[in-house]
Amino acid sequence: MKPVKVGICGLGTVGGGTFNVLTRNAKEIARRAGRDIIVSQVAMRHPNPDVTIGDVATTDDVQDVINNPDIDIVVELIGGYTVAKDVVMGAIANGKHVVTANKALIAVHGEEIFAAAEEKGVSVMYEAAVAGGIPIIKAVREGLAANRINCVAGIINGTGNFILTEMRDKGRDFADVLKEAQELGYAEADPTFDVEGIDAAHKLTILASIAYGIPLQFERCYTEGISKIAPEDVAYAEELGYRIKHLGVSRRTDAGIDLRVHPTMIPDSRPIANVDGVMNAVMVKGDAVGDTLYVGAGAGAGPTASAVVADIMDLARVLDVPASARVSHMAFDRIKDVNVLPIDEIRTCYYLRLQVQDKAGVLAKVTGILSERGINIEAIIQKEPADHANAQVILLTHLVTEKVMNDAIDAIEALDSTEGKVTRIRVEHLD
Ligand code: HSE
């Protein structure tokens, strides 16, 4: 069979990894794909010291790749929304298939991109966009296709998980760990995307769409980062038998769909609570299969290249197959009128930490505020004050709607006996 010719746009961490996997494993890849896969051309701004480019044609203009008549598949590994979008749309317009690792582009412009691809009869593959090396798109879109999926939750940002793990285990400084994550090629070009949860929100948006068959709605995903996690909350969580993880959570409920990324306390007995470092983990609950969990490296050259190359190979097998016989981009004929719940309407359990004056009746006032609103307390601890002035009170609640909890927190903060703000962390038992 005729070899498949690939053009790579972007030779950074992921582009370099992809080039190296395609060349290093060329024979195995050809045996699996049923034909040779050849890199014909690479568009790059700078050479990558980890790549020996050999006699492969290079250019500094992505248009050369998009317009190269020899190329069957354009691989977009530039990142961002501007040049990357031009590459993807230009390749589609020229009738070429596309592979991308760009979660931001898919989460924000996916609807437009898939519509253009469907019009042209080409495919856009994006396995590497979610959870790096874990084949989670394939698992949800194809492997679990028989199921009605009710929940997708996971640690879907390697940088954030790496930072939280190093801070917890080694007491390292936030900025120092972030710098290491950047050097290792885990972090986004703008690392606030990692630590403020935007990257995870991109990924959760994609996962929820293929799990429930709803349009991509990144703008409706609630996003809260890890930058305000205090070391004392990490320690109290451990004491209570929990771990704090930065989780993406999406649930299908009668009222609508949850779509939220935030620091979350999880019982330490749950496997996902023990997924550390740059590892990602995604839990998917289906009505037929039950609970499933997928774990693997969520960032870095090799793991991301593994997903990119698998997409190239899938395309190599179906290049001559009519578009109608390929797996559809978003898995479903999608339902448009699904309610994504505003954060006020989600129901979850909570961890609260507050500083109160150490005098009679203070705790009763706090618990009174909770009971007046029907909030059931699961556990309560009062810590002896170090300065003999204020006490720390730590509470765990049962399930409550966020707007009711916000109202209770306002009332607790308004008490004369409460000092400063109440710290609140959502708790998920994932059972
Ligand atoms: N910055 C991302 C992460 C890279 O840390 O998970 C992979 O998407």
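For the structure itself, consult the block above.
Residues numbered from 1 in each chain as written. Predicted model: local features only at pLDDT ≥ 70, side-chain atom pairs only at ≥ 80, totals over all residues. Heavy atoms only, no water.

1. Side note on empty space enclosed by the protein
And then number 1: Under the defined criterion, the tally for this structure stands at one cavity of 30 Å³ or more.
And then number 2: What lines the largest cavity is Ile155, Ile156, Asn157, Gly160, Asn161, Leu164 and His246.
And then number 3: Among the elements that line the lining of the largest cavity, the one with the most residues is helix α7 (residues 158-170), at three residues.
And then number 4: Its residues assigned to classes, the lining of the largest cavity shows three nonpolar, four polar and no charged. (1 Å grid on protein atoms, 1.4 Å probe; cavity = no way out; pocket = protein on both sides within 12 Å on 5 of 7 lines; lining within 4 Å. Points joined across faces, edges and corners; volume = space filled by probe spheres on them. Helix = DSSP H or I, 4+ residues; strand = E, 2+ residues; numbered from the N terminus. Nonpolar A, V, L, I, M, F, W, Y, C, P; charged D, E, K, R; others polar.)

2. Let's talk about a nonpolar patch on the surface
And then number 1: Side chains of Met279, Leu293 and Val295 sit close together on the surface and give an oily, nonpolar patch of about 220 Å² of accessible area.
And then number 2: Its location among the elements puts Met279 in strand β11 (residues 279-286). (Patch = residues over 30% accessible without salt bridge, like charges linked within 9 Å, V, L, I, M, F, W, Y side chains within 5 Å. Areas by Shrake-Rupley, 256 points an atom, 1.4 Å probe, with all protein chains shown as cover. Salt bridge = Lys/Arg side-chain N within 4 Å of Asp/Glu carboxyl O.)

3. Regarding helix α1 (residues 13-24)
And then number 1: An ideal rise of 1.5 Å per residue puts 16 Å on 12 residues; α1 measures up with 16 Å between its terminal C-alpha atoms.
And then number 2: Burial in α1 covers these residues: Gly15, Gly16, Gly17, Thr18, Phe19, Val21 and Leu22.
And then number 3: Buried residues belonging to α1 abut β1 (4-9), α2 (26-33), β2 (37-43) and α12 (301-318). (Expected span 1.5 Å × (residues − 1). Buried < 20%, exposed > 50% of the residue type's maximum accessible area, 1.4 Å probe, protein only. Contact = heavy atoms within 4.5 Å.)

4. Side note on the side chain of Asn161
And then number 1: Residue placement: Asn161 occurs in helix α7.
And then number 2: A relative accessible area of 2% places Asn161 in the buried class.
And then number 3: A distance of 3.0 Å separates a polar side-chain atom of Asn161 from the backbone oxygen of Val275.
And then number 4: There is a polar contact of 3.1 Å between the side chain of Asn161 and the backbone oxygen of Gly277.
And then number 5: Aside from chain neighbours lying at most four places away, what touches Asn161 is Ile155, Lys245, Val275, Asp276, Gly277 and Met279. (Polar contact = N/O pair within 3.5 Å; in protein donor to acceptor, adjacent residues only side chain to side chain.)

5. Considerations on the layout of surface pockets
And then number 1: Reported here for the second largest pocket is a volume of approximately 430 Å³.
And then number 2: Forming the walls of the second largest pocket are 24 residues, and the residues nearest its centre are Ser306, Val309, Ala310, Asp311 and Met313.
And then number 3: For the lining of the second largest pocket, the secondary-structure elements that each account for two or more residues are α2, α6 (136-143) and α12.
And then number 4: The residue inventory of the lining of the second largest pocket, partitioned by class, reads 11 nonpolar, four polar and nine charged.

6. A look at the nonpolar core
And then number 1: Of all hydrophobic cores here, the largest spans 56 residues; its most connected members are Tyr126, Ile136, Ile206 and Val284.
And then number 2: Of all elements in the fold, only α3 (62-66), α4 (83-93), α5 (103-120), α6, β7 (149-155), α10 (198-212) and β11 reach the threshold of two or more residues within this core.
And then number 3: Per-element accounting of this core gives the leading share, nine residues, to α10.
And then number 4: Here this core gathers at least three residues from each of two domains, domain 1 (4-132 + 301-325) and domain 2 (136-297). (Core = buried A, V, L, I, M, F, W, Y, C linked by side-chain atoms within 4.5 Å. Domains from an automatic or database assignment.)

7. Focus on the site of the ligand
And then number 1: Taken together, Lys103, Asn157, Gly158, Thr159, Tyr186, Ala187, Glu188, Asp194, Asp199, Lys203, Gly298 and Ala299 are the residues near the ligand.
And then number 2: Tyr186 is positioned with one of its backbone polar atoms (N or O) 2.7 Å from a nitrogen atom of the ligand.
And then number 3: Interatomic distance of 2.7 Å between a side-chain N/O atom of Asp194 and a nitrogen atom of the ligand.
And then number 4: Calculation on the ligand without its partners gives an accessible area of 250 Å², and the protein chains cover 94% of this total.
And then number 5: Those elements that place two or more of their residues in the shell around the ligand are α7 and α10.
And then number 6: Looking at the shell around the ligand, its residues break down into three nonpolar, four polar and five charged. (Near = heavy atom within 4 Å.)

8. Comments concerning the sheet that holds strand β6 (residues 124-125)
Sheets are built from strands that pair by backbone hydrogen bonding, the pairs being arranged parallel or antiparallel.
And then number 1: The six strands lie next to each other as β3-β2-β1-β4-β5-β6, forming an open sheet whose pairing is parallel. The open sheet is flanked by β3 (57-59) and β6, the only strands paired with a single partner.
And then number 2: Looking at chain direction, strand β4 (residues 73-76) and strand β5 (residues 97-100) are connected through four bridges and run parallel. Looking at β5, one finds that Ile73 is bridged to His97. (Pairing = 2+ DSSP bridges.)

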